[in-house]
Amino acid sequence: MKKILMVLIALVLVGGGVYWFVIRDTASDTTKEEDTTTLTTADVIKATIITYTDDGFVPAKYLGSVGGTLTVQNDSSSDVDFESNDHPTHTKNSELNVGTVKAGESKTIDLSKKGEWGFHNHLNSTHTGSITVE
C-alpha cells in the first residue's frame, strides 16, 4: 500500500513539474507572441521622413531602403522646392524631384534606386542633405 501511495505521489509531482516547466511556459510564450510586435531595422528604414525647417533639413543625412517610401515634411514657415542634385539641373536622381511642398504639408514618393543621393531646396540651394538608399 505504501508503494502505491509513493508511486501516486511521484506521478503527481512529475505531472505537476511537466505542467509547470513545459506546458505553462509554452502557453505564456504563445500569448507573448500574439501581444508583442517587434520592429526590425528593415521595418524602421522602410519609411523615411525628411523634415524641412526654417534652418534647413534636420537632420541632413538619411537612410532609406529600396521599396520603401520617402516623405518630405515641411515644418518651416515657407515653401520648400525639394529637388535632387545637381543644382539647378536636378538630374542625379529624378525620382527625388518632389517639387514644391507648401508650409505645413508633406509629399511622399517611393524609393526604387540604390545609391547615395544629394538633395536641396531649389528656392534656397544652401539648404542641402543626402539620402543613402540600400
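Residues numbered from 1 in each chain as written. Predicted model: local features only at pLDDT ≥ 70, side-chain atom pairs only at ≥ 80, totals over all residues. Heavy atoms only, no water.

**Q** Any chance you could break down the confidence of the model for the chain for me, citing the residues and the numbers?
**A** Averaged over all residues, the pLDDT of the chain is 80; the fraction at 70 or higher stands at 69%. Element-level pLDDT for the chain is lowest in helix α2 (residues 41-45), with a mean of 49, against a maximum mean of 97 in strand β6 (residues 99-101). Contacts from residues 25-39, a stretch scored under 50 in pLDDT, to residues over four places away or in other chains number three contacts. (pLDDT = per-residue confidence, 0-100. Helix = DSSP H or I, 4+ residues; strand = E, 2+ residues; numbered from the N terminus. Contact = heavy atoms within 4.5 Å.)

**Q** Give a description of the nonpolar core that names residues and reports values.
**A** Ranked by internal contacts, the top residues of the largest apolar core, which has 17 residues, are Ile50, Phe57, Leu70, Phe82, Leu96, Phe119 and Ile131. At the level of secondary structure, the elements contributing two or more residues to this core comprise β1 (47-53), β4 (69-74), β5 (80-84), β8 (115-121) and β9 (124-133). Those residues in contact with leucine 70 that sit more than four places away from it in its chain are Thr48, Ile50, Phe82, Leu96, Lys107, Thr108, Ile109, Leu111 and Ile131. (Core = buried A, V, L, I, M, F, W, Y, C linked by side-chain atoms within 4.5 Å. Buried < 20%, exposed > 50% of the residue type's maximum accessible area, 1.4 Å probe, protein only.)

**Q** Before we move on, could you go through the sheet that holds β5 and cite the residues and values that matter?
**A** Strand order in the open sheet made by the five strands is β3-β9-β8-β5-β6, with mixed pairing throughout. Either end of the sheet is taken by a strand with one partner, and the two such strands are β3 (61-64) and β6. On average, adjacent strands in this sheet sit at an angle of 30° to one another, irrespective of strand direction. Inspection of the sheet shows β5 paired to β6 by three bridges, in the antiparallel sense. When the sheet's bridge partners are listed, valine 80 is paired in β6 with valine 101. (Pairing = 2+ DSSP bridges. Axes fitted to C-alpha atoms, helices over the stretch in contact; angles between N-to-C directions.)

**Q** Quick one: what's the story with the pairing of β9, residue by residue and with numbers?
**A** Of the pairings in the sheet, the one linking β3 to β9 comprises four bridges and is parallel in character. Bridge pairing in β9 places tyrosine 62 opposite isoleucine 131. When β8 meets β9, the two strands line up antiparallel, connected through seven bridges. In the sheet register, glycine 115 faces β9, and the bridge partner there is valine 133. The turn linking β8 back onto β9 is made up of two residues.

**Q** So what's going on with the pattern of salt bridges? Residues and values would help.
**A** Counted according to the given criterion, the structure contains one salt bridge. For aspartate 86, the salt bridge identified is with lysine 92, shortest N-O distance 3.8 Å. (Salt bridge = Lys/Arg side-chain N within 4 Å of Asp/Glu carboxyl O.)

**Q** So what's going on with the packing of aromatic side chains? Which residues, and what values?
**A** Scanning the entire structure with this criterion turns up five aromatic pairs. Plain terms: the ring middles of tyrosine 62 and phenylalanine 119 are 6.2 Å apart, the flat faces sit at 40° to each other, and that makes the pair tilted. In this pair, tyrosine 62 sits in strand β3 while phenylalanine 119 sits in strand β8, placing the two residues 57 residues apart along the sequence. Considered together, tyrosine 62 and phenylalanine 119 belong to a single accessibility category, that of buried residues. Of the aromatic side chains, those joined through ring pairs into one cluster are Tyr52, Phe57, Tyr62, Phe82 and Phe119. (Phe/Tyr/Trp six-rings, centres within 6.5 Å; stacked < 30°, edge-to-face > 60°.)

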